[in-house]
Amino acid sequence: MQSALDPAGEEAAQVAKLFWIMVVAGGLIWLAVVGLLAYASRRKRGIVGEQAAGRLIFWCGAAIPAFLLFLLLGYALWLMPGLRPFAPAGASGALTVEVTGEQFWWRVAYRPAGSDTPVLSANEIRLPVGERVKFRLTSTDVIHSFWIPALGGKMDLIPGRTNRLSLRATRAGTYRGQCAEFCGISHAHMAFPAIAMEPAEFDAWLDARAGPSQGVAENSAGRELFLREDCGDCHRVDGTQATGTGGPDLSHLGSRLTIGAGLVENDVETLARFIIHSASVKPGSQMPAYTKLSPGEVEAIALWLRGLQ
Ligand code: CUA
């Protein structure tokens, strides 16, 4: 799920290949050096002339190691995304995903080509298999780092700057992404599921996400409480008057795999725990505790949110 050595994307495959080339090359060099050392320690002294020794040191001690290191370094530098174009030639680059790092969650906006209205989401990334997806990465508070090991290398999210990353998933599946730059108390809890879907499935998913979820209009106690308690000051739920942007977007929350940014499973019970005292589930969460609500009221809100498929 989170292994750079089990690649499910083009970039991750390159990283894995580089790793194995380095391991094999390093191993061969180590074997050669240890072999020579063993050979030298068994050989009688004084047999090698001064000139021959000098040549040996020049070739085996300087020229050959420098050449091998130059080759390996050159290959590694050539793989660096910064040295390649953002969208390689021939890539359609139909979809751009904007990801903003927050303490300690991910703000996500999908921008399909030719569409002015972004599809807003949080704490989960979905992308079509086989298509190159561009990421625009930034942060509002401290430096975070966006990393889906199974799909590609990491890229920092830096306040006041937009970094770019381009990924192409090659195998459908659910992988784990993780913040890879220490950003505060819940840094380790700043994760997200990354789901690579078949293109047709992804298009249908994105179409559905572009509008309000089905359960949103249902006149339930949970919906009423959510709006009465001003949850909408921080959270947006498409199709309601909740339009806050301080916290994660909760439209379609019920269809997400996790809550708390990849931290816990998304079910009514954990949602209720999160609402009552979010910091007990996720240290450093800025959402205030809602201990004034009765367990029944909290459950009603959680039920409604879980129904936002
Ligand atoms: Cu965000 Cu570490």
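Everything numeric in this text was worked out from a predicted model, so none of it was measured.

Parameters and conventions
- One numbering rule holds for all chains: residues counted from 1, following each sequence as written.
- In keeping with the model being predicted, local features are shown solely for residues with a pLDDT of at least 70 and side-chain atom pairs are shown and tallied solely at 80 or more, while totals for entire chains, interfaces and linings include all residues.
- Based on all heavy atoms of the structure, the side-chain values leave hydrogens and waters out of the count.
- Should a side-chain nitrogen of Lys or Arg be within 4 Å of a carboxyl oxygen of Asp or Glu, the pair is scored as a salt bridge.
- Only runs of H or I of at least four residues qualify as helices and only runs of E of at least two qualify as strands under DSSP, and these elements are numbered from the N terminus.
- Summary of the burial criterion: residues with accessible area below 20% of their type's maximum are buried, those above 50% are exposed, and those between are partly exposed, where the area comes from a 1.4 Å probe applied to protein chains only.
- A pair of strands counts as paired when DSSP detects no fewer than two bridges linking them.
- Axis lines are fitted through C-alpha atoms, for helices just across the contact stretch, and the angle between N-to-C directions can take any value from 0 to 180 degrees.
- The contact criterion used throughout is that any non-hydrogen atoms of two residues lie within 4.5 Å.
- Definition used in this section: a nonpolar core is a set of buried Ala, Val, Leu, Ile, Met, Phe, Trp, Tyr and Cys residues joined via side-chain atoms within 4.5 Å.
- Buriedness for pockets is judged along seven lines, at least five of which must meet protein on both sides within 12 Å for an open set on the 1 Å grid over protein atoms alone, while cavities are sets there where a 1.4 Å probe fits but cannot get out, and lining residues have an atom within 4 Å of a point.
- Grid points are joined across faces, edges and corners, and a volume is the space filled by probe spheres set on the points.
- Polar here means any residue outside two lists: the nonpolar Ala, Val, Leu, Ile, Met, Phe, Trp, Tyr, Cys and Pro, and the charged Asp, Glu, Lys and Arg; Gly therefore counts as polar.
- Residues forming no salt bridge and having over 30% relative accessible area are the ones grouped into patches, like charges within 9 Å of each other and nonpolar side chains (Val, Leu, Ile, Met, Phe, Trp, Tyr) within 5 Å.
- Areas reported as accessible are Shrake-Rupley estimates using a 1.4 Å probe. Residue values count occlusion only from the protein chains shown.
- The scheme is simple: roughly parallel for angles under 35 degrees, roughly antiparallel for over 145, roughly perpendicular for 65 to 115, oblique for anything else.

Chemist: Pulling in residues and values, what's your account of the pattern of salt bridges?
Modeler: Tallying each qualifying case throughout the model produces 12 salt bridges. Taking the shortest distance from any N to any O, the salt bridge between Arg-111 and Glu-98 comes out at 2.7 Å. Pair noted here: Arg-111 is in strand 2 (residues 105-112) and Glu-98 is in strand 1 (residues 95-102), with a separation of 13 residues, a long-range link. Between Glu-229 and Arg-228 there is a salt bridge; the shortest N-O distance is 3.0 Å. Exposure remark for Glu-229: the relative accessible area of 12% places this residue in the buried category. Shared partners join several salt bridges into a network, and the residues in it are Glu-10, Glu-11, Arg-132 and Arg-168.

Chemist: Go over the sheet that holds strand 5 (residues 132-139), please, and point to the residues and values.
Modeler: With mixed pairing, the five strands of this open sheet are ordered in space as 3-2-1-5-8. Of all the strands in the sheet, just strand 3 (119-122) and strand 8 (163-168) have a single pairing partner and so form its edges. In this sheet, adjacent strand axes meet at a mean angle of 25° when their direction is disregarded. Note that strand 5 and strand 8 share six bridges and pair antiparallel. When the sheet's bridge partners are listed, Lys-134 is paired in strand 8 with Ser-166. Along the sheet, helix 1 (residues 10-42) makes contact with strand 5 and strand 8, crossing strand 8 at roughly 90°. Packed onto the sheet, helix 3 (residues 199-209) meets strand 1, strand 2 and strand 3 and runs at close to 105° relative to strand 2.

Chemist: Can you lay out the nonpolar core for me, pointing to particular residues and giving the numbers?
Modeler: With 38 residues, the main nonpolar core has Val-97, Val-99, Trp-106, Tyr-110, Ile-125, Phe-135 and Phe-146 as its most contacted residues. Looking at which element gives the most residues to this core, the answer is strand 10 (residues 191-197), with five residues. Apart from residues lying up to four places away in sequence, Ile-125 is in contact with Val-97, Val-99, Val-108, Tyr-110, Phe-135, Phe-146, Phe-192, Pro-193, Ala-194 and Ile-195. Counting 24 residues, the second largest nonpolar core, distinct from the first, contains Val-216, Leu-250, Val-281 and Ala-300.

Chemist: I'd like to hear about empty space enclosed by the protein, residue by residue, with values.
Modeler: A complete count under the given rule lists one cavity of 30 Å³ or more for this structure. In this structure, the largest cavity spans a volume of roughly 90 Å³. If you go around the largest cavity, the residues you meet are Tyr-110, Val-119, Leu-120, Ser-121, Glu-124, Arg-126, Trp-205, Arg-209, Ser-251, His-252, Ser-255 and Arg-256. Looking at the lining of the largest cavity, the elements with two or more residues in it are strand 3 and helix 3. Looking at which element gives the most residues to the lining of the largest cavity, the answer is strand 3, with three residues. When its residues are assigned to classes, the lining of the largest cavity shows four nonpolar, four polar and four charged.

Chemist: I'd like a description of a nonpolar patch on the surface, backed by residues and values.
Modeler: A cluster of nonpolar side chains, contributed by Ile-29, Val-33, Phe-58, Trp-59, Ile-64, Phe-67, Leu-68, Phe-70 and Leu-71, occupies part of the molecular surface with about 910 Å² of accessible area. Elements with a contribution of two residues or more to the nonpolar patch: helix 1 and helix 2 (50-79). Top contributing element to the nonpolar patch by residue count: helix 2, with seven residues. Checked against the element boundaries, Leu-71 lands in helix 2. Judged by relative accessible area, Leu-71 falls into the partly exposed class, the value being 45%.

Chemist: Pulling in residues and values, what's your account of the packing of helix 1 against helix 2?
Modeler: In the contact formed by helix 1 and helix 2, the axes pass within 11 Å of each other and the chain directions differ by 175°. Judged by the angle between their axes, helix 1 and helix 2 are roughly antiparallel. Two secondary-structure elements touch here, helix 1 through Gln-14, Lys-17, Leu-18, Ile-21, Met-22, Ala-25 and Ile-29 and helix 2 through Leu-68, Leu-72, Tyr-75, Ala-76 and Leu-79. Tallied by class, the residues present in the contact of helix 1 with helix 2 amount to 10 nonpolar, one polar and one charged.

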